[in-house]
Amino acid sequence: MTTTAISTRDTAVNVAPGALPLQAENFTLRRGRVAVLDAVSLTLGEGQTLALIGESGAGKSTLAFAAMGLLQERGVSMEGMLRVGGDDVAHAPEKQLRQWRGTRMGLIFQDASAALNPCFTVLEHLSEPLRRHRGYNRAQCRERALALLDSVGIADPEARLKAYPHELSGGMQQRVMIAIALACEPRLLLADEPTSALDVTIQAQIMALILERVHALGASAVFVLHDLALATQVADRVAVMYAGQIVEEGPAGEVLNHPRHPYTQGLRASAVEFGAERLHPIAGVVPALADMPQGCRFAPRCPRATAQCGERPVPRAFGDVMVACWNL
Ligand SMILES: Nc1ncnc2c1ncn2[C@@H]1O[C@H](COP(=O)(O)OP(=O)(O)OP(=O)(O)O)[C@@H](O)[C@H]1O
Ligand SMILES: [Mg+2]
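Procedures and definitions
- Residues numbered from 1 in each chain as written.
- Chains lettered and ligands numbered in written order.
- Predicted model: local features only at pLDDT ≥ 70, side-chain atom pairs only at ≥ 80, totals over all residues.
- Heavy atoms only, no water.
- UniProt positions renumbered as here; feature names shortened; annotations may be inferred.
- Buried < 20%, exposed > 50% of the residue type's maximum accessible area, 1.4 Å probe, protein only.
- Helix = DSSP H or I, 4+ residues; strand = E, 2+ residues; numbered from the N terminus.
- Contact = heavy atoms within 4.5 Å.
- Near = heavy atom within 4 Å.
- Polar contact = N/O pair within 3.5 Å; in protein donor to acceptor, adjacent residues only side chain to side chain.
- Areas by Shrake-Rupley, 256 points an atom, 1.4 Å probe, with all protein chains shown as cover.
- Nonpolar A, V, L, I, M, F, W, Y, C, P; charged D, E, K, R; others polar.
- Phe/Tyr/Trp six-rings, centres within 6.5 Å; stacked < 30°, edge-to-face > 60°.
- Expected span 1.5 Å × (residues − 1).
- Salt bridge = Lys/Arg side-chain N within 4 Å of Asp/Glu carboxyl O.
- Axes fitted to C-alpha atoms, helices over the stretch in contact; angles between N-to-C directions.
- Left-handed = near helix turned anticlockwise from the far one by under 90°.
- Parallel < 35°, antiparallel > 145°, perpendicular 65-115°, else oblique.

Per an unreviewed UniProt entry, the protein carries the name ABC transporter ATP-binding protein and comes from Corticibacter populi. Within the UniProt record for the protein, the comment given under Sequence similarities (unreviewed entry) is "Belongs to the ABC transporter superfamily." Recorded in UniProt for the protein, the comment headed Subcellular location (unreviewed entry) runs: "Cell inner membrane".

Draft legend 1. How the structure looks around helix α11 (residues 262-269). Along α11, the residues that are buried comprise Pro-262, Tyr-263, Thr-264, Gly-266 and Leu-267. Of the surrounding secondary structure, the elements contacted by the buried residues of α11 are β3 (49-53), α9 (228-234), β9 (237-242), β10 (245-251) and α10 (252-257).

Draft legend 2. Structural context of the site of ligand 1. Ligand 1 sits among 13 residues. The nearest are Ser-56, Gly-57, Lys-60, Ser-61 and Thr-62. Between Gly-59 and ligand 1, the recorded distance is 3.0 Å, taken from a backbone N or O atom to an oxygen atom. Relative to its unbound accessible surface of 630 Å², ligand 1 loses 59% to contact with the protein. Per-class residue counts for the shell around ligand 1 are three nonpolar, six polar and four charged.

Draft legend 3. A look at the packing of aromatic side chains. This model, assessed by the stated rule, comprises four aromatic pairs. On the basis of an interplanar angle of 65 degrees and a centroid distance of 5.8 Å, the ring pair of Phe-65 and Phe-109 is categorised as edge-to-face. With Phe-65 in helix α1 (residues 60-67) and Phe-109 in the loop between β6 (105-108) and α3 (112-115), this pair connects stretches of sequence that are 44 residues apart. Classification of Phe-109 by relative accessible area gives partly exposed; the value is 30%. Cluster of aromatic residues (ring-pair linked, three or more members): Tyr-242, Tyr-263 and Phe-298.

Draft legend 4. Region of the structure containing helix α5 (residues 138-151). With 14 residues, α5 should reach 20 Å at 1.5 Å per residue; the first-to-last C-alpha distance of 20 Å fits that figure. Contacts from the buried residues of α5 go to α4 (122-134), α6 (157-161), α7 (170-182) and α8 (200-217). In the stretch just after α5, Gly-153 is the one whose phi turns positive, near 75 degrees.

Draft legend 5. View of the pattern of salt bridges. Applying the stated criterion across every chain, the model contains 16 salt bridges. When the shortest N-O distance is used, the salt bridge between Arg-237 and Asp-320 registers 3.4 Å. With a gap of 83 residues between them, Arg-237 in strand β9 and Asp-320 in the loop between β11 (316-318) and β12 (321-323) connect regions that are remote in the sequence. In this structure, Arg-260 and Glu-254 form a salt bridge, with 3.3 Å as the shortest nitrogen-oxygen distance. Overall, Arg-260 belongs to the partly exposed group, its relative accessible area being 25%. According to the relative accessible area criterion, Glu-254 is partly exposed, its value standing at 30%. Within the structure, one salt-bridge network assembled from shared partners comprises Asp-38, Arg-297 and Arg-312.

Draft legend 6. Main features of the packing of α4 against α5. It is the contact of α4 with α5, at a shortest axis distance of 9 Å, that shows an interaxial angle of 120 degrees. You can see that α4 and α5 cross each other, and the crossing is right-handed. Mapping the contact onto sequence places Val-122, Leu-123, Leu-126, Ser-127, Leu-130, Arg-131 and Arg-134 in α4 and Cys-141, Arg-142, Arg-144, Ala-145, Leu-148 and Leu-149 in α5. Looking at the contact of α4 with α5 residue by residue, the class counts come to eight nonpolar, one polar and four charged.

Draft legend 7. The arrangement of the environment of Pro-303 in detail. Looking at where Pro-303 falls in the secondary structure, it is placed in the loop between α11 and β11. When the C-alpha positions of Pro-303 and Ala-283 are compared, they lie 9.3 Å apart, and in sequence the two are 20 residues distant.

Draft legend 8. Up close: the side chain of Arg-213. Tracing the backbone through its elements, the reader meets Arg-213 in helix α8. You can call Arg-213 buried: its relative accessible area is 17%. Side-chain polar atoms of Arg-213 contact the side chain of Glu-212, separated by 3.4 Å.

Draft legend 9. Inspection of the packing of α7 against α8 at higher detail. Two elements in contact, α7 and α8, have axes whose closest approach is 11 Å; the angle formed by their N-to-C orientations is 15 degrees. By the angle class used here, α7 and α8 are roughly parallel. Here α7 and α8 pass one another in a crossing that is right-handed. Judged by residue contacts, Gly-171, Gln-174, Arg-175, Ile-178 and Leu-182 of α7 engage Ile-202, Gln-205, Ile-206, Leu-209, Ile-210, Arg-213 and Leu-217 from α8. Broken down by class, the residue content of the contact of α7 with α8 amounts to seven nonpolar, three polar and two charged.

In structure tokens form, the structure reads like this:
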């Protein structure tokens, strides 16, 4: 692979030295009166990767989208702190967020075919952030776009620049989206189930590519994943979410191989990837958001629940792992 002649980390990012790539403290996001994220606290260090796991509806995408500053919409209210590169994205004005999107934080969606605009070529897609954030002219955009396509393993980049999304395979579309998200070298990449829309055969390739690019940039990354085994392979840390709350967070191997929270234990016991001969699904269903229990949201399904679980569990440290459960 060749390297580009035009590249430098964006000076417009203006991140204070030592500022954490991602930090949430008691971050609550409500849709109407319902807390979709409930007092989420989380820290991601420089160069670290984090996997967010948990059942459908846990709030994983909501957290990733909030970190992109994409949920400043009617009916959504946010309390507490959600910082990217040291600045609060929950309460920043749209103009500021537009500067940060792409330079501080980039997003890869699950489905590239839906994220790419069918009316624009690959070159047009790649040029947009480069023009906007770096002020590149046509020739510079073209040169950088070629290098970016090369960096994500697209053969014959010259020919691909003119292609429209529908002329590319799913895997290639995903590579293009990775190139777009990383075009302006953000410090934080958010990848929301980046491979689950792809054929199994190319999932591993795309995942390896994302990791390789993240490491090459010295960036940090949050991966929203369903596959627990994959989480241990790609992430330094894992945060387990249940119904809008983080129930357990810590080093990936520790959390997934020696889960402490009853919900993490249940997830593991129901995971095919961990080679369980018989699957033990977690009994019951996630309560409706409008009808959440006051304290621990997992309590109604928890085999260890006690009266104390009516109060919100205070996360406790077990070595490097934080667990929100009264009964450990
Ligand atoms: N635009 C929206 N309007 C109303 N409710 C929403 C909206 N987006 C998400 N929600 C609700 O917020 C909760 C969290 O959703 P979210 O998409 O973040 O979950 P998730 O963990 O990403 O799930 P999945 O694994 O299925 O992608 C869900 O109850 C969902 O129904
Ligand atoms: Mg999701």
